[in-house]
Amino acid sequence: MQETPTSPIPLRPPPPRSADGEGPADARPRGKVKKLRLLLVLLVLSVLAVISTIFGMMMAVSNELPSLENSAQFKAARNSAVFATNGKQEIAHLTDAQNRILLDAGEISPNLKNAVVAIEDQRFYQHEGVDFTGIGRAVVQDVLRKRAAQGASTITQQFVKNALAAQRDRTVFQKLRESALAYHLERRWSKDKILTEYLNTVYFGNGAYGVESAVRTYFGGRGRDYLPSDRLAKNVTPAQAAMLAAMIASPSAYDPAQRPIQAEQRRDLVLKRMAEQGMISRFEYSESVRQVIPTERDINPPQPDSTQPYFSTWVAQQLVDRYGAGAAFGGGLKVTTTLDPAFQEAAEQGIQGRLGGIGPSSSAVVIDNKNGAVRAMVGGTDYERRPFNLATSGHRQPGSSIKPFILATALQHGIGPESVWTSAPKAIPYKIHGVRDVFRVHNFENSYSGSSSLATATAHSDNSVFAEIGMKMGPKRVARTARQMGIKTKLSTNPAMLLGGLKRGVTPLEMAFAFSTIANGGKRTSGTLASSHLGPVAIEKVADASGKTIDKDHIKYDRVYSWEVGEQMKSLLHGVVVAGTGKNAQVGEWAAGKTGTTEDYGDAWFVGFTKRYTIAVWVGYADKVRSMTTEYQGGPVEGGTYPAEIWHDIMSAILDIDAERHPERVKPEDVLPESPIAPTEPVPTEPAPEPAPEAVPQEPAPAPEEQAPVPQQAPTP
């Protein structure tokens, strides 16, 4: 039988094999698709989870809105307590209750509201609590400048943050929580209410909590009494409003009393922003920038509840900077400070015993060398009448007490104690902006030794020698050394600064701290709770309302110069006390230091140290620079007179207290070798010359005939 032919059945070619021959070639792409789908699903679920979390958080925090009301915060606030170093003796209550006045929206000047919006949140009336446009702008600026150049918090967020800081409720999700609360506030409260509540919670420095307290403090006038119904915030000029708004970002950085240049610049920036945004006219802007900012004589801070108001006010500002005003004044903190009550009493009695009823004032600071702790601080004698703290803010001319910074610079660059220098009238050429000038130097009362070793010149404060060495080193290098040793104030770098003629003076606190670096052999000793970076320490421990420790200070230090230079420094300054201008500071055991007197006898200093403690003493008139030509037994007040004597009395009392507390300690008499000098011809302390322009030193020229000094006026604190 013949087979019937059939059509061939087309065969499907086998699927291509994968490269490894183990399976179909499209198996991996299909696996990738599945993975992508899975990732997409997970991403969507994650986004939904985040949105759900945020939504849930926003719904949950809506119940917290009533607690943010000023009145609720006011009632919930718990006073913070400040203790002495023993942790038992309370020296201050920090509270906003007695100084804070809650205002209604109609009791705050539009100028104040406009100034704050202009500098803090210019899109305040456009955003809804969170300014996404501002955040984007801030991110771009941060990327372009490679640093945190701009902030993006709105006024609403700042208000919420202040309120939550008072509750000390800081969680991992705090930023989200703040944003959620800000979002809800914008829907429950009017813009005017948010701004009013915010201004009632802002800390403006100098104890001024809330805008009404701030207006009274900075523009209310010294010694004025107010009626309960008075509302000074209602009538504020654009210039005043701008000054207050300028301080919100940092009350300490823009304090008009302590940092007048920075404060005025910031105020003018606020005024500029107000003009650009149409809040004030061109005429108002021009008139406002010509107004003077408040000085320390104008500022009338609220009276603190403290037995040591100068010290506790300084500590309060540190707490505000570290934890926020809400926590500092209403968070119930328990703060243990470094203040030693017995040392404080010794410092006060040391000043009163020498200057009581005489006329000049004095300020003193005691530093514990082992940890940079401030054990005593005399910032004034009557806080109610004169709240300005001379110890922390009294910038006065240092005279020759600046010379140890020249000495440290010289020793580091190979100039030894036995090096010999000419002691004679000198004219040292230098350049200022390419123009040649001459720095003329002479010793007080024309007293010269002809030639002098660096050791002898140190003991007798020979201006001629130190000016030549300082110019050889360069004023900028000397200023840098001073800063590394602990001087916080920016020093001028003209030739006159080498003899203490500064554009802006230094404070007793920073001088004491810088000299403690010398006492520690070149180690700048500080702590983790220092008042500033590697600065003096005032806080030992901070606990919350329940007593749980939040922060505790730990010692930290930075070596400024070598141990060998440190030993030379201590030995040379020991000579000042043994046989130099500081003989009145001798306390029966090893001590070292430096005197300082300005040309017009307006400022006199002795800054010195023993093995364990450093003390800076300043004497002068607190209200303004006045010449003290007859106040010391009919003669002038120099660094070796009242300042050295007060230093002696304070240090002697402290050493006695220390010996009684620690009888096992052996007095460190002559723990260092005697100063390698044996001077016979004393050279009086040279006062500070008139500050000169910034200079670039050249090689010294031959000394010409002596030229009389030009009297200089030191700035008032």
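I will try to describe carefully the structure that is included in this document. Counting restarts for each chain, with residues numbered from 1 along the sequence as it is written. Side-chain atom pairs in this predicted model are given and counted only at pLDDT of 80 or more, local residue features only at pLDDT of at least 70, and totals for whole chains, interfaces and linings cover all residues. As a rule here, side-chain values come from all non-hydrogen atoms in the structure, and water together with hydrogens is ignored.

### Focus on the overall build of the chain
By the criteria applied, helices consist of DSSP H or I runs no shorter than four residues and strands consist of E runs no shorter than two, each listed in order from the N terminus. The helix and strand tally for the chain stands at 22 helices and 18 strands. A total accessible area of about 32,400 Å² is found for the chain, and carbon and sulfur atoms account for 53% of it. To be clear on the numbers: accessible area is Shrake-Rupley with a 1.4 Å probe, and residue cover counts the displayed protein chains and nothing else.

### Considering the pattern of salt bridges
Between Lys or Arg on one side and Asp or Glu on the other, a salt bridge is scored when a side-chain nitrogen of the former is within 4 Å of a carboxyl oxygen of the latter. Using the criterion set out here, one finds 18 salt bridges in the structure. One salt bridge connects aspartate 658 with arginine 612, and the closest N-O pair in it is separated by 2.8 Å. Note that aspartate 658 is positioned in helix 22 (residues 642-661) and arginine 612 in the loop between strand 16 (603-609) and strand 17 (613-620), a separation of 46 residues in sequence. Salt bridges here are not isolated pairs; linked through shared partners, they connect Arg354, Glu645 and Asp649.

### Let's talk about a nonpolar patch on the surface
Here a patch means residues that are over 30% exposed by relative accessible area and free of salt bridges, tied together within 9 Å if like-charged and within 5 Å if nonpolar (Val, Leu, Ile, Met, Phe, Trp, Tyr). A contiguous nonpolar patch, built from Leu36, Leu38, Leu39, Leu40, Val41, Leu42, Leu43, Val44, Leu45, Val47 and Leu48 and spanning about 1,100 Å² of accessible area, is present on the exposed surface. Exposure categories follow from relative accessible area, calculated using a 1.4 Å probe and restricted to protein chains: below 20% of the type maximum is buried, above 50% is exposed, and the middle band is partly exposed. By relative accessible area, leucine 40 is classed as exposed at 53%.

### Comments concerning the pairing of strand 9 (residues 435-441)
Relative to strand 9, strand 8 (residues 426-432) runs antiparallel, the two sharing seven bridges. Bridge pairing links tyrosine 430 to aspartate 437 in strand 9. In this scheme, strands are said to pair when DSSP sees at least two bridges between them. Two successive antiparallel strands, strand 8 and strand 9, enclose a turn made up of two residues, where histidine 433 displays a positive phi of approximately 55°.

### What to know about the packing of aromatic side chains
Each pair of aromatic rings is reported with the distance of its centres and the angle of its planes. Each aromatic pair joins two rings of Phe, Tyr and Trp (for Trp, the six-membered one) with centres within 6.5 Å, and gets the label stacked for planes under 30 degrees apart, edge-to-face for over 60, and tilted for any other angle. All told, the structure shown has twelve aromatic pairs when counted by the stated rule. Ring geometry for tyrosine 203 and phenylalanine 329: centres 5.1 Å apart, planes at 35°, overall tilted. Here tyrosine 203, found in the loop between helix 7 (191-199) and helix 8 (211-219), pairs with phenylalanine 329, found in helix 13 (residues 325-330); they are 126 residues apart in sequence, far enough to count as distant. Here phenylalanine 329 falls in the buried class, since its relative accessible area comes to 7%.

### A word on a positive patch on the surface
Residues Arg477, Arg480, Arg483 and Lys490 make up a contiguous surface patch of positive charge. With relative accessibility at 37%, the residue arginine 480 sits in the partly exposed group. By the counting scheme adopted, Arg and Lys are positive, Glu and Asp are negative, and His together with the chain ends is not counted. Charged side chains are reduced to one point each, which is NZ for Lys, CZ for Arg, CG for Asp and CD for Glu.

### Side note on the sheet that holds strand 17
The strand order 6-5-17-16-15 describes an open sheet built from five strands, whose pairing is antiparallel. In this open sheet, the two edge strands, each paired with only one partner strand, are strand 6 (373-378) and strand 15 (592-597). When the angles between neighbouring strand axes are averaged without regard to direction, this sheet yields 10°. The sheet contacts of helix 14 (residues 341-355) involve strand 5 (361-368), strand 6 and strand 17, and relative to strand 6 the element is tilted by about 35°. The contact definition used throughout considers only heavy atoms, calling two residues in contact when any of these lie within 4.5 Å. Axis definition: a line fitted to C-alpha atoms, limited for helices to the stretch in contact. Angles are taken between N-to-C directions and run from 0 to 180 degrees. Against the sheet, helix 21 (residues 563-579) touches strand 15 and strand 16, its axis set at about 60° to strand 15.

### Some details on the packing of helix 16 (residues 403-412) against helix 21
Contact pair helix 16 / helix 21: the axes reach a minimum separation of 10 Å and the direction vectors enclose 140°. By the criterion of interaxial angle, the relationship of helix 16 to helix 21 is oblique. Between helix 16 and helix 21 the crossing geometry is right-handed. Here Pro404, Leu407, Ala408, Leu411 and Gln412 of helix 16 lie close against helix 21, whose contacting residues are Val565, Gln568, Met569, Leu572 and Leu573. Classification used: nonpolar for Ala, Val, Leu, Ile, Met, Phe, Trp, Tyr, Cys and Pro, charged for Asp, Glu, Lys and Arg, polar for all others including Gly. Looking at the contact of helix 16 with helix 21, its residues break down into eight nonpolar, two polar and no charged. Note on terminology: angles under 35 degrees are roughly parallel, angles over 145 are roughly antiparallel, angles of 65 to 115 are roughly perpendicular, and the others are oblique. Handedness of each helix crossing follows the sense of rotation of the near helix against the far helix: counterclockwise by less than a right angle gives left-handed, clockwise gives right-handed.

### Brief notes about the sheet that holds strand 13 (residues 549-552)
Taken in spatial order, the six strands line up as 3-2-1-4-12-13 in an open sheet, and their pairing is mixed. The open sheet has two free edges, formed respectively by strand 3 (305-306) and strand 13, since each of these has just one partner strand. Alignment of strand 12 (residues 539-543) against strand 13, held across three bridges, turns out to be antiparallel. In the strand pairing of strand 13, valine 542 is matched with aspartate 551. This element, helix 12 (residues 309-323), spans strand 2 (90-94), strand 3, strand 4 (334-337), strand 12 and strand 13 of the sheet and lies at about 55° to strand 12.

### Quick look at unusual backbone geometry
In this model, histidine 433 sits at a positive phi of 55°, which is unusual for a non-glycine residue. Examined against the element boundaries, histidine 433 turns out to sit in the loop between strand 8 and strand 9. The backbone of tyrosine 601 sits at a positive phi, close to 60°, despite the residue not being glycine. Among the residues examined, tyrosine 601 registers a relative accessible area of 12% and is labelled buried.

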